[in-house]
Number of protein chains: 2
Amino acid sequence: MPRASTTSDVFNAIAEPRRRQIIELLSQHRNLAVGAIVLSLGLPQPAVSKHLGVLREVGLVSVNKQGQSRVYELNHEQLRPVYDWVKTFERHWDRQLDRIRERAEKRALANTTQPDQSTDKTDQKEQS
Amino acid sequence: MPRASTTSDVFNAIAEPRRRQIIELLSQHRNLAVGAIVLSLGLPQPAVSKHLGVLREVGLVSVNKQGQSRVYELNHEQLRPVYDWVKTFERHWDRQLDRIRERAEKRALANTTQPDQSTDKTDQKEQS
DNA sequence: TTGACATATTCCCATATGGGAATATAATTG
DNA sequence: CAATTATATTCCCATATGGGAATATGTCAA
């Protein structure tokens, strides 16, 4: 099975850095024609139009015809699923002290079985 | 240019629904061996190991060797970039009243130059 | 009408994918 | 040692990708 389509959901749509840039732009300036986005991103126009097409398909933006230009607008509320999902982890970095203490405890427990001291293949992952 | 690697950043890593499920699991149960994740997701073990590899590479999870099993742990703080990014749009749906008030203010400002949709569509500068 | 401008669409391709299948590696037990 | 268990890795492939290039579509102006 290949990777899911970029238009399969908002999570896939915003995985593209350029599309996030477009979203940021549209959040600052309420309405933007494609040309303005092209200038701001420095991407070729077809590339921008394709990104906008993806954002359109997942409902993250809407278009309004205005003369010969298409003015895009952000539908902020479509970002809510992402916000709601990631918000559930908020508490874990909000109470860092608690977390660090917990980790220390766990480490002490896990240390009952002590790995290491061989030819060493892969070290365990490290994080902050 | 093809799509960016799933390991290029957290946004790409969490685009995969199964990886989000793994993250949720690891958030509920602090530590989980691969086998437990396999059971819970109902995915073949190699698939799970590959997803864990992606999450490992972007730093979203850490491993601890414990006997012959690998116990995974979520590094919540790595989700912060996503949270911070999407949080900037919070006001647009969370504080509707504020938002409406803001719009009114902006409108008052923008009213110095009055755009219209009939004859004039040349310079439609949008304020920041 | 023709021409200029703004945007979208199509075709192309190198690349990464997620899962299937098989295998490799590692640790425990007898 | 061999066998078992737990996990990771490799090879395979159909599929979607993002941008380049070219073109199509749509809209205004003269």
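Fair warning: this is a prediction, and the values are worked out from it, not measured in the lab.

Draft legend 1. Representation of the sheet that holds strand β2 (residues 61-66) of chain A within the structure. Residue and element names in this part refer to chain A. Ordered in space as β1-β3-β2, the 3 strands form an open sheet in which the pairing is antiparallel. Every other strand in the sheet has two partners, leaving β1 (31-33) and β2 as the edge strands with one partner each. Taken pair by pair, the neighbouring strands of this sheet meet at an average axis angle of 30°, ignoring direction. Bridge count for β1 against strand β3 (residues 69-74) is 3 bridges, and the pairing is antiparallel. Counted as the bridge partner of A33 is V71 from β3.

Draft legend 2. View of the environment of B:L55. Residue and element names in this part refer to chain B. Mapped onto the elements, L55 comes out in helix α4 (residues 45-57). The class of L55 is buried, set by a relative accessible area of 0%. As a C-alpha pair, L55 and A13 span 42 residues in sequence and 6.6 Å in three-dimensional space. Among residues more than four places away in sequence, those in contact with L55 are R19, I22, I23, L60 and V61.

Draft legend 3. Highlighting the packing of helix α2 (residues 17-28) of chain A against helix α4 (residues 45-57) of chain A. Residues and elements named next belong to chain A. Two elements in contact, α2 and α4, have axes separated by 10 Å at closest approach and are oriented at 75°. The orientation of α2 with respect to α4, classified from their angle, is roughly perpendicular. Here R18, R19, I22 and I23 of α2 come into contact with α4, specifically with H51, L52, V54 and L55. Partitioning the contact of α2 with α4 into residue classes produces 5 nonpolar, 1 polar and 2 charged.

Cut-off values and rules
Along each chain, the written sequence defines residue order, and numbers are assigned to residues from 1. Numbering of ligands from 1 and lettering of chains from A proceed in the order in which they are written. With the structure being a predicted model, the display of local features is reserved for residues of pLDDT at least 70 and the display and counting of side-chain atom pairs for 80 or more, all residues being used for whole-chain, interface and lining totals. Side-chain numbers here rest on the full set of heavy atoms in the structure, without hydrogens or water. At least two DSSP bridges between two strands are required for those strands to pair. The helix and strand labels rest on DSSP assignments: H or I over at least four residues marks a helix, E over at least two residues marks a strand, and numbering proceeds from the N terminus. For helices, the fitted line uses only the C-alpha atoms of the stretch in contact; every axis is such a line through C-alpha atoms, and the angle between N-to-C directions lies from 0 to 180 degrees. Here's how the labels work: a residue is buried when its accessible area is under 20% of the maximum for its type, exposed when over 50%, partly exposed in between, all with a 1.4 Å probe on protein chains only. Contact definition: two residues touch when any of their heavy atoms are within 4.5 Å. An angle below 35 degrees is treated as roughly parallel, one above 145 as roughly antiparallel, one from 65 to 115 as roughly perpendicular, and anything else as oblique. Basically, the charged four are Asp, Glu, Lys and Arg, the nonpolar ten are Ala, Val, Leu, Ile, Met, Phe, Trp, Tyr, Cys and Pro, and anything else, Gly included, counts as polar.

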